[in-house]
Amino acid sequence: MGPFLETLIGGLMAGMLYSLIALGFVLIFKASGVFNFAQGAMVLFAALAMARFSEWIPQWTGIESKLVVNVLAFGVAMLIMIALAWCIERLVLGKLVNQEGITLLMATLGITYFIDGFGQTIFGSDIYKIDVGMPKDPLFLFESVFEGGILVGQEDLIATVVAAALVGALALFFQYTSTGRALRAVADDHQAAQSIGIPLKRIWVIVWSVAGFVALVAGIIWGSKLGVQFSLSLVALKALPVVILGGLTSVPGAIIGGLLIGVGEKLSEAYIGPMLGGGIEIWFAYVLALVFLLFRPQGLFGEKIIDRV
């Protein structure tokens, strides 16, 4: 039971981080109908900005306090992500309103490659580190119950708490604030929302800015765990099966889908992997997403759309 619980907890913690990235996909799709393939590149770009400015600020200002440097770097990176979100909406997607879905999809793919190249031009292509002070030492829980206890990484635990708190705060924001209600109205019907005075362009900029903030937090967490490198955008794409499983239009679906995939890939790797030679964790999420696309394409909590001709 001890190893099972250890694997289960590890899967839940990984799943919450997947949910955090998937939330960016869901927010943009709900508000604008755009499936944002650039979310992974945004995570990478945000992590690069945080890593590089945490290096540059002490050199420019002489500040030695790690806390102050990280706060300043976070603030600068957040401003950069808001500016990036504004540029994406105003210069690209805002010009493509009411276009075919494939046009918007190709636009976000183009944005992905542009952000990757732009980030490499500005910040460099080396592997950088983000040090926000999260402890690396493991914890042993329930030692009196299970022999040897249950091994849990402190860094993973803190990252999970931060991700869960952010997901909860965003859920409250969309449920109880006037801006959140406007966002939900736009998600339900663009034309009806515009007819009652909700400015679509401002709402879309807010949504992309929130997605940029989510990308920054996810980039800091993953960058602290894995280092900031260009493979980070591939890690972020693990959120694609999450939104397929949970549903493209459902915030709770992003949470549940992330937890299910996180737990599923850890348990399958631990208990089925040895029989198949390992490597299940790499493809488990994508195979599960394929199954859902075949039998329930709208996901667990997504809306089933019926077009009448």
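Structure shown above.
Residues numbered from 1 in each chain as written. Predicted model: local features only at pLDDT ≥ 70, side-chain atom pairs only at ≥ 80, totals over all residues. Heavy atoms only, no water.

## Some words on the overall build of the protein
Just so we agree on the cut-off: Per the convention used, a helix needs a DSSP run of H or I reaching at least four residues, while a strand needs a run of E reaching at least two, with both numbered from the N terminus. For the radius of gyration, the atom set is restricted to C-alpha positions; the globular benchmark scales as 2.2 Å times the number of residues to the power 0.38. Only protein chains enter the area calculation, which uses a 1.4 Å probe; residues under 20% of their type maximum are buried, those over 50% are exposed, and those in between are partly exposed. Residue contacts follow a heavy-atom distance rule, with two residues in contact if any of their heavy atoms lie within 4.5 Å. Only the protein chains shown count as cover for residues, and all accessible areas are computed by the Shrake-Rupley method using a 1.4 Å probe.
The number of helices and strands found in the protein is 13 helices and 2 strands. For 309 residues, the compact-globule formula gives about 19 Å, and the C-alpha radius of gyration of the protein, at 20 Å, lands near that figure. Seen through its principal axes, the protein has C-alpha atoms that stretch 65 × 55 × 35 Å. Buried positions account for 46% of the 309 residues belonging to the protein. Summarising the internal contacts of the protein: among those between residues at least 6 apart in sequence, 71% fall at separations of at least 24. Accessible area of the protein: about 15300 Å², with a carbon and sulfur share of 66%.

## Details of the pattern of salt bridges
The following threshold applies: Between Lys or Arg on one side and Asp or Glu on the other, a salt bridge is scored when a side-chain nitrogen of the former is within 4 Å of a carboxyl oxygen of the latter.
Inspection of the entire model under this criterion finds 4 salt bridges. The shortest N-O distance in the salt bridge between D131 and K66 comes to 2.8 Å. Of this pair, D131 sits in the loop between α4 (101-123) and β1 (138-141) while K66 sits in helix α3 (residues 66-92), placing them 65 residues apart in sequence. Judged by relative accessible area, which is 36%, D131 ranks as partly exposed.

## Remarks on the side chain of R52
Where we set the bar: Any pair of nitrogen or oxygen atoms within 3.5 Å is treated as a polar contact; in protein, a donor-acceptor pairing is required on top of that, and neighbouring residues in sequence qualify only through side-chain atoms on both sides.
The residue R52 is located in helix α2 (residues 39-61) in this model. By relative accessible area, which is 14% here, R52 ends up buried. A polar contact of 2.6 Å, which involves the side chain of R52, links it to the side chain of E55. Beyond its immediate chain neighbours, meaning those up to four positions away, R52 contacts F123 and Y128.

## Points about the packing of helix α1 (residues 2-32) against helix α11 (residues 251-271)
Spelled out, the test is: To get an axis, a line is fitted to the C-alpha atoms, and for a helix only the part in contact is used. The angle between two axes follows their N-to-C directions and goes from 0 to 180 degrees. Here a crossing is taken to be left-handed if its near helix is turned anticlockwise relative to the far helix by less than a right angle, and right-handed if that turn runs clockwise. In this count, Pro and Cys sit with the nonpolar residues alongside Ala, Val, Leu, Ile, Met, Phe, Trp and Tyr, while Asp, Glu, Lys and Arg are called charged and the others, Gly among them, polar.
Interaxial distance between α1 and α11 falls to 6 Å at its minimum, and their mutual angle equals 145°. Seen along the crossing, α1 lies across α11 with a hand that is right-handed. Looking at side-chain class alone, the contact of α1 with α11 contains 20 nonpolar, 7 polar and 3 charged residues.

## Thoughts on the nonpolar core
Using the following cut-off: In this text, buried Ala, Val, Leu, Ile, Met, Phe, Trp, Tyr and Cys residues form a nonpolar core when linked through side-chain atoms within 4.5 Å.
In terms of nonpolar packing, the biggest core is built from 84 residues, with L20, I21, M81 and I115 touching the most fellow members. No other element matches helix α8 (residues 200-226), which puts 15 residues into this core.

## Overview of the pairing of strand β2 (residues 150-153)
Which entries qualify depends on this criterion: We treat two strands as partners when DSSP finds at least two bridges between them.
Alternating residues of β2 divide into I150 and V152, all buried, and L151 and G153, none buried. Judged from the 4 bridges that link them, β1 and β2 form a sheet pairing that is antiparallel. Bridge pairing in β2 links F140 to L151.

## What to know about the packing of α3 against α8
Test applied: Roughly parallel means an angle under 35 degrees; roughly antiparallel means over 145; roughly perpendicular covers 65 to 115; every other angle is labelled oblique.
Packing of α3 against α8 leaves a shortest axis separation of 8 Å and a crossing angle of 140°. Between α3 and α8, the angle falls in the class oblique. Seen from above, α3 lies across α8 with right-handed handedness. Here F74, A77, M78, M81, I82, A85, W86, I88, E89 and R90 of α3 come into contact with α8, specifically with K201, W204, V205, W208, S209, G212, F213, A215, L216 and I220. Looking at the contact of α3 with α8, its residues break down into 15 nonpolar, 2 polar and 3 charged.

## Brief notes about the environment of E100
Topologically, E100 is positioned in the loop between α3 and α4. By relative accessible area, which is 60% here, E100 ends up exposed. Linking E100 and I280, residues 180 residues apart in sequence, is a C-alpha distance of 36 Å.

## Notes on helix α5 (residues 154-176)
Filter applied, for reference: Given a helix with a known number of residues, its expected span is that number minus one, times 1.5 Å.
The end-to-end C-alpha separation of α5 is 33 Å, in line with the 33 Å expected for 23 residues at 1.5 Å each. Looking only at α5, the buried set comprises E155, A159, T160, A163, L166, V167, L170 and F174.

## Details of the packing of aromatic side chains
What counts, and what does not: A pair of Phe, Tyr and Trp rings is counted when the ring centres sit within 6.5 Å of each other, with Trp represented by its six-membered ring. The angle between the planes then sorts it: under 30 degrees is stacked, over 60 is edge-to-face, the rest tilted.
Per the counting criterion, the structure on display carries 11 aromatic pairs. Note on W56 and W60: the rings are 5.7 Å apart at their centroids and 25° apart in plane angle, and the pair reads as stacked. Linking W56 with W60, this pair stays in helix α2, spanning 4 residues, or about one helical turn. Overall, the relative accessible area of 17% leaves W56 in the buried class. Judged by its relative accessible area of 57%, W60 falls in the exposed class. A connected cluster of aromatic rings, assembled from ring pairs, spans F45, F53, W56, W60, F114, F118 and F123.

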